[in-house]
Amino acid sequence: MWRIRSSGRDVVADDNPNRYSSAPGAAGRFVAQQLVLKPYVWSALHVHEHGRRNLDGLKPPFIAVANHSSHLDAPLIMGSLPRRLSRNLAAGAAADYFFDKWYTAAATRLFFNAFPVDRKGLRNRKGMAGVLLGEGVPLLLFPEGTRSRTGAMKNFTPGHAALSISRNVPILPIALVGAFAAMPYGATRPPSGRPHVHVVFGRPLKAAPGEIAHQFSERVYRYVVELHDSTARAYGMPTQADFHRAVALRKAATEQAQLAQAEAAKDAEPPTDS
């Protein structure tokens, strides 16, 4: 067993890599994912899958990475991947959110074969992630580190790229289009009307000769943005440029309102005697 210190408490995690690929665990996940979670998500959303031909030659282990804007992201990816790739897929999950209580930790492990990620320090994730890849277990990581509050993607941290290079495994880039609108930050369930969500699988990538982790990570990020935006434009949905523009406009409006408020407060001050 190993521990992550998170939010003032110890989070206990199972460090036995065999648990992530055991036959009983895979059977339990099949029931949880395919007979419980997927029917619910697919009944609440119109899910469209693209690029499945890019998966034809892919074999575990690999690292799946995607933009992250919703609690629907992992269920969408695991439900869209063919069973041969999702059977033992292990998702990195925030230790301070999913592993701080025993019942949330148990559910997260059951549904997502999850291992805890310390968002304030990558040492534990790199250690466990590397062990799992060495045992042939594929990983699902969200390199932004947390869900987007606006739909706009943040830059990717390079941990996934470093793992890919050090373990010589491919990265599977995935773009999720419409997941933010379907269940934005703070929402507890999808809205009525079954919004459309697109899961877009890109070509598996490996680092080029001499390409370091930061460079490879940036290339993966640009590719995910490209996958997202080409699909968004095809279906009349917001692109990343649209999301970032909306963020900039809201920021400018807030700053202008604050400035006007400060000017009004200054004008309301009583004159001082000379």
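Everything below is about the structure shown above.
Residues numbered from 1 in each chain as written. Predicted model: local features only at pLDDT ≥ 70, side-chain atom pairs only at ≥ 80, totals over all residues. Heavy atoms only, no water.

> Any chance you could explain the nonpolar core here in plain terms?
Soluble, globular proteins show a tendency: their nonpolar side chains are buried together. In terms of nonpolar packing, the biggest core is built from 36 residues, with L45, L76, L140, L172 and I174 touching the most fellow members. Only α1 (23-44), β4 (63-66), α2 (73-80), β5 (90-94), α5 (102-112), β8 (171-177), α8 (179-182) and β9 (196-201) provide two or more residues apiece to this core. Ignoring sequence-local partners within four residues, the contact set of L140 consists of A64, A74, I77, M78, L89, A90, A91 and G92. By size, the runner-up hydrophobic cluster in this structure holds 33 residues, among which are A161, L163, L205 and V224. (Core = buried A, V, L, I, M, F, W, Y, C linked by side-chain atoms within 4.5 Å. Buried < 20%, exposed > 50% of the residue type's maximum accessible area, 1.4 Å probe, protein only. Helix = DSSP H or I, 4+ residues; strand = E, 2+ residues; numbered from the N terminus. Contact = heavy atoms within 4.5 Å.)

> Would you mind going over a nonpolar patch on the surface with me for this structure?
On the surface, a cluster of nonpolar side chains totalling about 350 Å² of accessible area is made up of F30, V31, L35 and V36. Considering the arrangement of structural elements, one finds F30 in helix α1. A residue is classified by how much of its surface remains accessible, and F30, at 36% relative accessible area, is partly exposed. (Patch = residues over 30% accessible without salt bridge, like charges linked within 9 Å, V, L, I, M, F, W, Y side chains within 5 Å. Areas by Shrake-Rupley, 256 points an atom, 1.4 Å probe, with all protein chains shown as cover. Salt bridge = Lys/Arg side-chain N within 4 Å of Asp/Glu carboxyl O.)

> Please clarify how the packing of α1 against α5 should be interpreted in this entry.
Think of two packed helices as two axes; the pair is described by the angle between the axes and how far apart they sit. Closest axis-to-axis distance for the α1/α5 pair is 7 Å, and the angle between their directions is 85 degrees. Comparing the axis directions of α1 and α5 gives the class roughly perpendicular. Seen from α1, the contacting residues are G28, R29, A32, Q33, V36 and L37; seen from α5, they are R109, L110, F111 and F112. Looking at the contact of α1 with α5, its residues break down into six nonpolar, two polar and two charged. (Axes fitted to C-alpha atoms, helices over the stretch in contact; angles between N-to-C directions. Parallel < 35°, antiparallel > 145°, perpendicular 65-115°, else oblique. Nonpolar A, V, L, I, M, F, W, Y, C, P; charged D, E, K, R; others polar.)

> How should I be thinking about the packing of α1 against α2 in this particular structure?
Two elements in contact, α1 and α2, have axes separated by 10 Å at closest approach and are oriented at 115 degrees. Remark: the crossing between α1 and α2 carries left-handed chirality. For the pair α1 and α2, contact is made by Q33, Q34, L37, K38, V41 and W42 and by P75, L76, M78, G79 and S80, respectively. Across the contact of α1 with α2, the residue classes break down as six nonpolar, four polar and one charged. (Left-handed = near helix turned anticlockwise from the far one by under 90°.)

> How do you make sense of the packing of aromatic side chains when you look at a structure like this?
The relative placement of two aromatic rings is captured by the distance of their centres and the angle of their planes. Inspection of every chain in the model, using the stated rule, returns three aromatic pairs. Ring geometry for F156 against Y221: centres 5.2 Å apart, planes inclined by 85 degrees, an arrangement best described as edge-to-face. Here F156, found in the loop between β7 (139-141) and α7 (159-167), pairs with Y221, found in helix α9 (residues 213-234); they are 65 residues apart in sequence, far enough to count as distant. On the basis of an interplanar angle of 85 degrees and a centroid distance of 5.9 Å, the ring pair of F180 and F243 is categorised as edge-to-face. Of this pair, F180 sits in helix α8 while F243 sits in helix α10 (residues 240-267); the two residues are 63 residues apart in sequence, bridging distant segments of the chain. The exposure classification of F180 matches that of F243, with both residues buried. One cation-aromatic arrangement involves R19 over Y20; the distance from NZ or CZ to the ring centre is 4.0 Å. Sitting above the plane of the W42 ring, K38 keeps its charged end 4.9 Å from the centroid. (Phe/Tyr/Trp six-rings, centres within 6.5 Å; stacked < 30°, edge-to-face > 60°. Lys NZ or Arg CZ within 6 Å of the ring centre and 35° of its normal.)

> What is the right way to look at the pairing of β4 in this model?
Consecutive side chains of a regular strand alternate in pointing toward one face of the sheet and then the other. The side-chain alternation of β4 yields two buried faces, one formed by I63 and V65 and the other by A64 and A66. Two strands pair when backbone bridges link them, and β4 and β8 are joined in this way by four bridges, in the parallel orientation. What sits directly across from A64, in β8, is L172. (Pairing = 2+ DSSP bridges.)

> For this particular structure, what's the right way to read the layout of surface pockets?
The probe, sized like a water molecule, is rolled over the atoms to show the empty space still left. Considering only enclosed or pocket space, the largest pocket measures out at about 1000 Å³ in volume. What lines the largest pocket is a set of 39 residues, and nearest its centre among them are H68, S70, H71, Y97 and F98. Breaking the lining of the largest pocket down by element, the ones donating at least two residues are α1, α2, β5, α4 (95-98) and α5. Of all the elements, α5 adds the most residues to the lining of the largest pocket, at five residues. For the lining of the largest pocket, the class distribution of residues is 24 nonpolar, ten polar and five charged. (1 Å grid on protein atoms, 1.4 Å probe; cavity = no way out; pocket = protein on both sides within 12 Å on 5 of 7 lines; lining within 4 Å. Points joined across faces, edges and corners; volume = space filled by probe spheres on them.)

> I'm lost on α7 in this one. Help?
Side chains that are three or four residues apart share a direction in an α-helix, a result of its 3.6 residues per turn. Every buried residue of α7 is listed here: G159, H160, A161, L163 and S164. Following α7 by one or two positions, N168 has its phi on the positive side, about 55 degrees.

> Please explain the pattern of salt bridges as it appears in this structure.
Oppositely charged side chains are able to pair whenever their charged atoms sit close together. In this structure the tally under the stated criterion is four salt bridges. Taking the shortest distance from any N to any O, the salt bridge between R222 and E218 comes out at 3.6 Å. Taken together, the residues span about one helical turn, with R222 and E218 both in helix α9 at a distance of four residues. Given a relative accessible area of 34%, E218 falls into the partly exposed group. We note a salt bridge from R245 to D242, for which the minimum N-O separation is 2.9 Å. With R245 and D242 both in helix α10 and three residues apart, the pair spans about one turn of that helix.

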